[in-house]
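Structural characterization, general
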Amino acid sequence: MRIAEISSPDIRHQSNGHDRLLAQLDSLIKQTENRSHTNPETLTTLASDIKQILTQLSQLAPFSSNSLKLYIWKLSYRLWNSCVDLSNAASISRSSSAFSPYAVANLRHVAADLLSLAADVSGIPSPAIKSASFYFKTGVVWHDLKKYDLASGCFEKATEIVSKLDISRISDSDERKLLLDINIARSRTAWEVLEQNLAITLLNRAKCLLFGLFEHHKSLANQYLTFAKSALSKNETNSLNDALKLMNEALELCEKGLGEARTREETTELKGLKFKTLRFISAIHLQKGEYESVIKCVRVLREGSFDGGDHHASLPVLAMKAWLGLGRYNEAELELRGMVEIKGIPECIWVSAVEAYFQAAGTAGAETAKGVFLGLLGRCHVSAKAAVRMAHRVAGDEGDGVSEAAVKLRAKAVAELVSDERVLALFVGDAAAKERIAMHAVLWNCASILFRSKDYEASAEMFEKSMLYLPFDVENRILRAKSFRVLCLCYLGLSLIDRAQEYITEAEKLEPNIASAFLKFKIYLQKNDQEGAINQILAMTICLDFTTDFLSLAAHEAVACQALSVAVAALSNLLNFYTSGKPMPTKEVVVLRTIVTILTQETGNESEVLKYMKRAHARTSEIGANCFFGTEEAGRREQNWLAVMSWNFGTNCGKEKKYELCMEFLRLASEFYGIRVDGQVEENSIMVCKSLILTVSAMIASENQKQIALTNNEVKQALELLDRAGKILTSLSTGILDPDLFFLYTFNAYDIQGRLGNSESQQLLVKSYASSKACKPEYLLQIGLAASQGPRSNPQVAAFALNECLSALLSCPSPDYQNVALTVRKLIAVASIHKGDTDDDAVHGMYKQAYRIMVGLKEGEFPSEEGKWLAMTAWNRAAMPVRLGQIDLAKKWMNVGLELTKQVVGMENYRSCMEDFISRFEKKCLELSSSKNRP
């Protein structure tokens, strides 16, 4: 709305500062008035420039000159009128290319600030009201643009201006309306930013601004009603209470407004608003379950004193639902039957009422609901199209928020209606062919909803009813076959297997295809006939419309039925299609992985797992790793899965002493780990090495278990595996070597080299191991023990290993004297057995070394049994020299034995006897010596 320009007074400015700023303002406003040169960017810049000048001008306020204020007033109105022109031009041209509502709103805001700066101006009537009006209209624009913070600022500024006025002196109706509108607009904006308490407070304040006017009561009541409907839309308990309070406020305002109405039109208008509010209040009471209050509201509406009350079509629906809530079905039925007589009631409301009544009354009200429904069909001239429409309304759609129980009740009502002879008669003849198809679709969709909710009994009934609308002709045989198949599924869900088999047999007669074959497969599974299910898999593959997806689906079904052998058979058949090279929906490695996973669910399937693992390795060799596994991260995961699975099966078989299977799995693991490394060279290399070494260990363990020596070929294979492992060990960095792995490699390599008679290689191998950082004394002890016994013993290796072990043990901060004693005993045994008496000093040296080890140890630190063994065997070694008269040799061994007894607790009696024997022996030796020297 354009505001007339105010004539320019003769202005004589008080200072050059005012002149300069006002001249700049005038120039900028002229640019806004020149619409042909404005665009959104220019308008935004102009608004910014005007704000800067306005800031400088406000620093010179207040202005004493009234002429200066009048000039500012004129500039403000010119800018405002320019904004009005821009908005009007944009609305006429409907072009947004040269119009930015935000830029124009900014200019309006600047115009309001400029007008406010002028303050009171002599000669202008109600300047404060006009200034507040500018802010109010600007706030409305900002509110429409959803800039609620700016809108709120404008409304607050307008409120601040009018709050200084004496309201009692305001008599102009427009000015009074402005005061009310400011409060209502401010309340609306507060509501939008979720400040509901402030919004309601502002509406309550607005009650002081009604001035006894009908229009004011109506506006404020409408705003209360608007807020109430907004709160009601949240569908929360607290929101319902808030909405009810707001509607009661609106109702009270309507009542007061009726007292202020002066004309019949005004009374009618407020009466309509009152009735509308009462209907909403009734709906809220219904939603809260306050059914008595609903009935009271309806009675008030129907018994209204003006024009016979309210006859809105929603009233019988509200009343019926309230009576249902109170459990008074007779009154509800009367309301329901009364709706049939109301011509203006919308069809959707009528159907909703029927649904509510049927849902509440249940089976007891089925006959009444059906009769009313047929009455509605008669009201619709009982046409097939009307029957389809009504059936669709009652049946509903999926996702309409109705409970499963309500859906079932709807379905039952629809089933009874569509099977009624009067309804079926509507669809006879070619004229109703289109409606017949539509009715079949409605019933089919309803049955499908029930099927998805797993209500198979109701679903089967509805599918059967849908077949009533399928003619028995060639054109519909495919649809009939489809119906038989879905009925088969329903009865499978109900575990009525024989009934399901009857339906699928009929479907197969009408349309033999893969779907029917697959359902027969499901029936075999349900009957737990695994052999029949496997045979049916082969029958599926010869169907004309067969696709490999059905084999995957068959595997899923079999797994769900715990028929794992059937699942494996299905996937095995699926593997046969990969050899042709045709594109397949699933990668071959995924199928193999799935088979292995299924087989792992039962124990004792290691041989089957090994078969498919070997197939995976063979296919990798045939088509290449990238084609079989895939590329990048996905391929690495598949390769790693097979490798890990082979490793796990291998180690588990080893724990269960199934060494042949263990050997096969671990050899496969080494192959899988060695196929691709892709940035994990060392990690994969370590696993390859472990797999190779443990494979040889499994071969040796199998030999010991079966008591059958390895053949020459097997020994050569083991040697090749160890050679590969040795090369990997050599290439790996020392920091990541596993000492256990290095020892196992050495031990196995020593064993295999011994079988080939390579004693020199054995010595080099053990010496190399002894010099490595991975060497441990306990491992050297094991090598020494192995080399000192058995048919392939090697005394040189045994002596070397045991000596190195002894040195390593003694060099430890806390030696394990149990192992020390064992090592000493074995060294003595090796020296005694393999060297005999030719190297008595070497054996004697071992006893002396044992004595030196024992000297200084705490009691019990050296194993007492080993100490006794050393003492007794040393003493016993003197027996032979004593008999042979080798006195010095005998004394040497007796002295060693005596010295050792002194280091062993519990050998005091032995030591006393030994000392007595030595004393007697020396005395005897002296006597013999004396007798020899006599002449």
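Bear in mind that the values here come from a model prediction, so they are computed numbers and not experimental data. (Residues numbered from 1 in each chain as written. Predicted model: local features only at pLDDT ≥ 70, side-chain atom pairs only at ≥ 80, totals over all residues. Heavy atoms only, no water.)

Now for the overall build of the protein. Scanning the protein from terminus to terminus reveals 44 helices and zero strands. For the protein, the proportion of its 935 residues judged to be buried stands at 46%. Considering only intrachain contacts with a sequence separation of at least 6, the fraction spanning at least 24 residues in the protein is 66%. (Helix = DSSP H or I, 4+ residues; strand = E, 2+ residues; numbered from the N terminus. Buried < 20%, exposed > 50% of the residue type's maximum accessible area, 1.4 Å probe, protein only. Contact = heavy atoms within 4.5 Å.)

Below, the discussion takes up the packing of aromatic side chains. Applying the stated criterion across every chain yields a total of 22 aromatic pairs. For the ring pair Phe 136 and Phe 155, a centre distance of 6.1 Å and an interplane angle of 45 degrees mean the geometry is tilted. Remark: Phe 155 occurs in helix H6 (residues 148–162) and Phe 136 occurs in helix H5 (residues 127–144); sequence separation between them is 19 residues. For Phe 155, a relative accessible area of 0% translates into the label buried. An angle of 55 degrees between the planes, with centres 6.4 Å apart, marks the rings of Tyr 817 and Phe 862 as tilted. With Tyr 817 in helix H39 (residues 817–835) and Phe 862 in the loop between helix H40 (840–854) and helix H41 (864–876), this pair connects stretches of sequence that are 45 residues apart. Residue Tyr 817 is classed as buried on the basis of its relative accessible area, which comes to 12%. Here the basic side chain of Arg 480 rests over the ring of Phe 472, its NZ or CZ set 3.7 Å away from the ring centre. (Phe/Tyr/Trp six-rings, centres within 6.5 Å; stacked < 30°, edge-to-face > 60°. Lys NZ or Arg CZ within 6 Å of the ring centre and 35° of its normal.)

Relative to the helices and strands, Ser 82 resides in helix H3 (residues 66–93). For Ser 82, a relative accessible area of 3% gives the class buried. Not counting residues up to four positions away in its chain, the partners in contact with Ser 82 are Thr 32 and Glu 33.

A separate point is the nonpolar core. Ranked by internal contacts, the top residues of the largest apolar core, which has 130 residues, are Phe 521, Met 613, Tyr 847 and Leu 870. For this core, the leading source of residues is helix H33 (residues 681–706), giving 10 residues. Not counting residues within four places of it along the chain, the set of residues in contact with Tyr 847 comprises Ile 828, Trp 869, Leu 870, Thr 873, Ala 874, Arg 877, Trp 893, Val 896 and Leu 900. Counting residues in hydrophobic clusters, the runner-up holds 56 residues, among them Leu 25, Tyr 77, Ala 151 and Cys 154. (Core = buried A, V, L, I, M, F, W, Y, C linked by side-chain atoms within 4.5 Å.)

Attention shifts here to unusual backbone geometry. Here the phi dihedral of Leu 194 falls at roughly 65 degrees; this positive angle occurs in a residue that is not glycine. Summarising the element assignment, Leu 194 is placed in the loop between helix H7 (173–192) and helix H8 (196–206). Residue classification places Leu 194 among the exposed positions, given a relative accessible area of 63%. For Gln 707, which is not glycine, the phi dihedral falls at a positive 60 degrees. Structurally, Gln 707 is set in the loop between H33 and helix H34 (712–731).

This part takes up H34. Between its first and last C-alpha, H34 extends 29 Å over 20 residues, near the 28 Å set by a 1.5 Å rise per residue. Buried residues of H34: Val 715, Ala 718, Leu 721, Leu 722, Ala 725, Gly 726, Ile 728 and Leu 729, and no others. Angular distribution of buried residues about the axis of H34 spans 160 degrees; they occupy a single face of the element. Among the exposed residues of H34, those pointing more than 90 degrees away from its buried face are Asn 712, Asn 713, Lys 716, Glu 720, Lys 727, Thr 730 and Ser 731. (Expected span 1.5 Å × (residues − 1). Arc of directions from axis to C-beta.)

The next thing to look at is the environment of Lys 454. The topology assignment puts Lys 454 in the loop between helix H20 (433–452) and helix H21 (456–466). As a C-alpha pair, Lys 454 and Leu 494 span 40 residues in sequence and 9.5 Å in three-dimensional space.

Right, let's talk about the environment of Lys 207 for a bit. Position of Lys 207 among the secondary structure elements: in the loop between H8 and helix H9 (214–232). Ignoring anything within four residues of it in the chain, the contact list for Lys 207 reads Leu 220, Tyr 224 and Glu 249.

Right, let's get into the pattern of salt bridges. Scanning all chains against the criterion turns up 21 salt bridges. For the salt bridge of Arg 593 with Glu 638, the shortest nitrogen-to-oxygen distance reads 2.9 Å. Within this pair, whereas Arg 593 is found in helix H28 (residues 588–599), its partner Glu 638 is found in helix H31 (residues 632–655), the two being separated by 45 residues in sequence. Classification of Arg 593 as partly exposed rests on a relative accessible area of 24%. Using a relative accessible area of 12% as the deciding quantity, one classes Glu 638 as buried. The partner of Lys 611 in a salt bridge is Glu 608, and the shortest N-O contact between them spans 3.3 Å. One end of the pair, Lys 611, and the other, Glu 608, are both in helix H29 (residues 606–623), three residues apart, so they sit about a helical turn from each other. In this structure Lys 611 comes out as partly exposed when scored by relative accessible area, which is 45%. Overall, the relative accessible area of 31% leaves Glu 608 in the partly exposed class. (Salt bridge = Lys/Arg side-chain N within 4 Å of Asp/Glu carboxyl O.)

Packing of H5 against H6 brings their axes to within 8 Å, and their N-to-C directions diverge by 165 degrees. Accordingly, the angle class assigned to the pair H5 and H6 is roughly antiparallel. With respect to the hand of their crossing, H5 and H6 are arranged in left-handed fashion. Each of Ala 128, Ser 131, Ala 132, Tyr 135, Phe 136, Thr 138, Gly 139, Val 140, Trp 142 and His 143 in H5 lies in contact with H6, whose residues at this interface are Tyr 148, Leu 150, Ala 151, Cys 154, Phe 155, Lys 157, Ala 158, Ile 161 and Val 162. (Axes fitted to C-alpha atoms, helices over the stretch in contact; angles between N-to-C directions. Parallel < 35°, antiparallel > 145°, perpendicular 65-115°, else oblique. Left-handed = near helix turned anticlockwise from the far one by under 90°.)

For the pair helix H37 (residues 777–787) and helix H38 (residues 795–810), the least separation of the axes is 8 Å and the interaxial angle reads 155 degrees. By the criterion of interaxial angle, the relationship of H37 to H38 is roughly antiparallel. In this structure, H37 meets H38 at a crossing whose hand is left-handed. Contact residues: Pro 777, Leu 780, Leu 781, Ile 783, Gly 784 and Ala 787 in H37; Pro 795, Val 797, Ala 798, Ala 801, Leu 802, Glu 804, Cys 805, Ala 808 and Leu 809 in H38. Counted by class, the contact of H37 with H38 contains 13 nonpolar, one polar and one charged residues. (Nonpolar A, V, L, I, M, F, W, Y, C, P; charged D, E, K, R; others polar.)

Now for the state of the cysteines. Summed over all chains, the structure comprises zero disulfides. Here Cys 805 stays unpaired: no disulfide links it, and the sulfur of Cys 775, its closest cysteine neighbor, is 8.5 Å away. Residue Cys 805 is classed as buried on the basis of its relative accessible area, which comes to 0%. (Disulfide = S-S within 2.5 Å.)

Okay, H29 next. Over its 18 residues, H29 runs 26 Å from end to end, which matches the ideal 26 Å to within 8%, given 1.5 Å per residue. Among the residues of H29, Glu 606, Val 609, Leu 610, Tyr 612, Met 613, Ala 616, Arg 619 and Thr 620 are the ones counted as buried. Buried residues belonging to H29 abut helix H27 (564–575), H28, helix H30 (625–629), H31 and helix H32 (659–675). Gly 624 occupies a position one or two residues after H29 and carries a positive phi of about 95 degrees.

Here Gly 630 is to be found in the loop between H30 and H31. It is 8.9 Å that separates the C-alpha atoms of Gly 630 and Val 589, two residues lying 41 residues apart in sequence.

This next bit is on the confidence of the model for the protein. The predicted model of the protein has a mean per-residue pLDDT of 82, with 86% of residues at 70 or higher. Between residues 1–15, whose pLDDT stays under 50, and residues either more than four places distant or in other chains, the model counts 30 contacts. (pLDDT = per-residue confidence, 0-100.)

Examined against the element boundaries, Asp 751 turns out to sit in helix H35 (residues 739–755). Of the polar contacts made by the side chain of Asp 751, one reaches the side chain of Arg 755; its length is 2.7 Å. For Asp 751, the residues in contact, after removing those within four places along its chain, are Ile 700 and Arg 792. (Polar contact = N/O pair within 3.5 Å; in protein donor to acceptor, adjacent residues only side chain to side chain.)

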